[in-house]
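Residue-level structural notes
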Amino acid sequence: MKGPYTCPSHMSTTNNTPASVLDWRQGTLHSVSSALTLQGDHAPSSVHQSVTDGRHGILHSVSSTLTLQGDRALNSVHQILEQCHSQKPHDSELLAATNGRDILIVDWDGPNDPQNPKNWSYKRKWAATLIISAFSFISPVSSSMVAPAINQVASAFGINNDVVLALTTSIFVLAFAMGPLFLGPLSEIYGRSRVLQLSNLWYLAWNIGCGFAQSESQLLAFRFLAGIGGSAVLSVKLTFVELKVFDMNSPLRIGGGFVGDCWVPEERGQPIAIVALAPLLGPVVGPITNAWIAELSTWRWVFWSTSIVDVVIHIVGFFILQETYEPVLLERKAERIRRSMDAENTPQRAVCTVFSQDRSWQTIMAKSLSRPVALFAHEPIVQLLGIYMAYLYGLLYLFLTTIPSIFQGVYQQSTGIAGLHYIALGIGLVGACQLNAKTTNMVYIYLKSRNGGVGKPEFRLPAMVPGSLLLPIGCLIVGWTSGAHTHWIAPDIGMVLVGAGTILSFQCIQTYLLECFQLHAASAIAAVAFLRSLAGFGFPLFAPAMYDALGFGKGDTILAVAAIVLGCPAPWIFWYYGERIRNSSRHAL
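The sections below set out a description of the structure shown in this document. Note that this is a predicted model, so its numbers are computed, not measured. (Residues numbered from 1 in each chain as written. Predicted model: local features only at pLDDT ≥ 70, side-chain atom pairs only at ≥ 80, totals over all residues. Heavy atoms only, no water.)

**Considerations on the overall build of the chain**
Along the chain, the regular secondary structure elements total 18 helices and ten strands. Expressed as a percentage of the 589 residues in the chain, the buried residues total 56%. Summarising the internal contacts of the chain: among those between residues at least 6 apart in sequence, 77% fall at separations of at least 24. Carbon and sulfur atoms make up 62% of the accessible area of the chain, which totals about 24,600 Å². (Helix = DSSP H or I, 4+ residues; strand = E, 2+ residues; numbered from the N terminus. Buried < 20%, exposed > 50% of the residue type's maximum accessible area, 1.4 Å probe, protein only. Contact = heavy atoms within 4.5 Å. Areas by Shrake-Rupley, 256 points an atom, 1.4 Å probe, with all protein chains shown as cover.)

Below, the structure written as structure tokens:
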């Protein structure tokens, strides 16, 4: 696969010379003061001026004056937006004449360019949205689907170690921490669709292989490799909240997944709700369906049945899913222009996109790996909320792996019936998620109006207060009712509260991080995502030993106390001191 074309490098510093800018996306004229002074022995091989409006990023039709100091002189630079009605093959290039050498800057052909995914038909947008939701659903299904069949796996391979048994489930989540480290940058270089579909084939191959595993070592290895492929959807899908911000130092749009690429902000509500719901349903639906499959056949069909569904999704995606990532689409357009110039034997000119400067794989990979580490090392907001989010995610997977031991062990239910209790956890997750999605903006608008019309990131935190209380209450109910052998509905009620508390706090933290670190939100989310995946991997490993030693009542009490210590102070700390912490931050707004 061919990487992105790299335009000639240049250095620049801005000064003050008037320039007028026409933003064709909004139809308004802006006045900008901008000039460029370059120092050095050589003139730059490419120059273009970028102006941001704080919402859409690049503005166009820029006229400016540029002065060079050095051995070569450049008198003027003109950037011209060619009309799409021209007979020339290069419809929307910004032309810069630099001392006898031209550079073509490629962008969309105006606001109504049909190649821009935001101008696709509704039918085409919804097709892409639904197939992405399917990919977002099937990978989390695999993360927990083996939990109900864990006793069959133990019998097949003679596994007596509870930690190894828990590892067969959680090792898939460990891959969720590793995969996005390189799949995310690859999706920026080669495109979301290509990386997602190739990664899904990788997942499919190893998931099928899990069904043919002949030893516990093979099963663990195949599960991890399948998880690497399944993590691709985490690298390219949207985050929960789409912010209308563009980072001029990175080609990443904040929350820039398929939905953000296709839908304008006014249309994103329902698509976001659907895509956000899919990964929440996955870990719940997987154990429910596969518990019955394991009971009626064997544990191997748990993997094969999921693979059959994934094959259907992949085939549909192969024909429906198209690339939506703007830098990759514009790079393909630039490549077509380069080939047409070669075919016509026209004078050679550098052809770049508005994203070319930042799209070398070295730059993308370096930023993807280094910036999340820097944010976690230096930002108290990321540290505290990242640790709590990791605890939430770890606790979620602990309960996903513990439900069979409660209802098959304590209540002596069959594998299929025990799997139905995952519905309680799903009710809490989905119900609270949808309720919070409908109320969070109303709460934010109300608090903003009371603050003189000025919004703050802290206005996204109120729902975290009930969330931080519901979680420990749910843990206590599950632990003590199951330990006392009360009616099975009692621990199910606790499961509902655990799911609701988890997702309320989870969404508040994610939204707060996005609004605090707007220009670096992708890196902030990457930092906490890596940490939470490690917790999702580790928590199920110590759960068997804890419950064996303490029982469900005392064990879940410890989890509840830890949830109170980590979670309950957080919304109050950031409500009263969040602005002061942000003001002293190097990255937060």
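**Some points on the nonpolar core**
Grouped together as the largest cluster of nonpolar side chains are 88 residues, with contacts concentrated most on L385, L513 and F517. Broken down by element, this core gets its largest block of residues, 19 residues, from helix α12 (residues 380-410). The contact partners of L513, leaving out residues within four places of it in the chain, are I381, V382, L385, I525 and V528. Counting 18 residues, the second largest nonpolar core, distinct from the first, contains V146, I150, V153 and F157. (Core = buried A, V, L, I, M, F, W, Y, C linked by side-chain atoms within 4.5 Å.)

**With respect to the pattern of salt bridges**
Where charged atoms from two side chains of opposite charge come close, those side chains can pair. The full count for this structure, using the stated rule, is seven salt bridges. One salt bridge connects K333 with D113, and the closest N-O pair in it is separated by 3.9 Å. Residue K333 is located in helix α10 (residues 326-344), and its partner D113 is located in the loop between β9 (101-106) and α1 (122-144); the two are separated by 220 residues in the primary sequence. Each member of the pair, K333 as well as D113, is classed as buried. A salt bridge links E331 to R338, with the nearest nitrogen and oxygen atoms 3.1 Å apart. Take E331: its relative accessible area is 9%, and that puts it in the buried class. If you follow the salt bridges from partner to partner, you end up with D109, D113 and K333 in one network. (Salt bridge = Lys/Arg side-chain N within 4 Å of Asp/Glu carboxyl O.)

**A closer look at empty space enclosed by the protein**
All chains considered together, the criterion is met by six cavities of 30 Å³ or more. Estimated volume of the largest cavity: approximately 60 Å³. Around the largest cavity, the lining residues are F135, I138, S139, L196, N200, Y203, G229, G230, A232 and V233. Looking at side-chain class alone, the lining of the largest cavity contains six nonpolar, four polar and no charged residues. (1 Å grid on protein atoms, 1.4 Å probe; cavity = no way out; pocket = protein on both sides within 12 Å on 5 of 7 lines; lining within 4 Å. Points joined across faces, edges and corners; volume = space filled by probe spheres on them. Nonpolar A, V, L, I, M, F, W, Y, C, P; charged D, E, K, R; others polar.)

**Here's the deal with the packing of aromatic side chains**
How two aromatic rings sit relative to each other is set out by the distance from centre to centre and by the angle between their planes. In the structure shown here, the tally under the stated rule is 17 aromatic pairs. Aromatic side chains F459 and W575 sit 5.9 Å apart centroid to centroid with 45 degrees between the ring planes, which places their arrangement in the tilted category. Here F459, found in the loop between α14 (422-450) and α15 (464-483), pairs with W575, found in helix α18 (residues 569-583); they are 116 residues apart in sequence, far enough to count as distant. When its relative accessible area of 34% is taken as the criterion, W575 is described as partly exposed. Pairing F539 with F542 gives two aromatic rings, centres 5.2 Å apart and planes at 55 degrees, and the pair type is tilted. Within this pair, F539 and its partner F542 are both found in helix α17 (residues 521-567), separated by three residues, close to a single helical turn. (Phe/Tyr/Trp six-rings, centres within 6.5 Å; stacked < 30°, edge-to-face > 60°.)

**Quick word on a positive patch on the surface**
A cluster of like positive charges, contributed by R194, R332, R336 and R339, occupies part of the molecular surface. In terms of residues, the positive patch owes the most to one element, α10, which gives three residues. With respect to the secondary-structure elements, R339 resides in helix α10. (Patch = residues over 30% accessible without salt bridge, like charges linked within 9 Å, V, L, I, M, F, W, Y side chains within 5 Å. Lys, Arg positive; Asp, Glu negative; His and termini not counted. Charge placed at Lys NZ, Arg CZ, Asp CG, Glu CD.)

**What about unusual backbone geometry?**
In this structure, Q412 is a non-glycine residue whose phi angle is positive, near 55 degrees. Mapping Q412 onto the fold places it in the loop between α12 and α13 (415-419). We classify Q412 as exposed; its relative accessible area is 63%. Not every positive phi belongs to a glycine, and H485 is a case in point at roughly 60 degrees. Relative to the elements of secondary structure, H485 occurs in the loop between α15 and α16 (489-516). For H485, a relative accessible area of 54% translates into the label exposed.

**Brief notes about the packing of α14 against α16**
Put simply, α14 and α16 touch, their axes get as near as 7 Å, and they point 40 degrees apart. In this view, α14 runs oblique relative to α16, as classed from their interaxial angle. Crossing geometry of α14 relative to α16 is assigned as right-handed. Between α14 and α16, the contacting residues are A424, L425, G428, L429, A432, C433, N436 and Y444 on the first element and D492, M495, V496, V498, G499, A500, I503, L504, Q507 and E515 on the second. In the contact of α14 with α16, the residues fall into twelve nonpolar, four polar and two charged. (Axes fitted to C-alpha atoms, helices over the stretch in contact; angles between N-to-C directions. Parallel < 35°, antiparallel > 145°, perpendicular 65-115°, else oblique. Left-handed = near helix turned anticlockwise from the far one by under 90°.)

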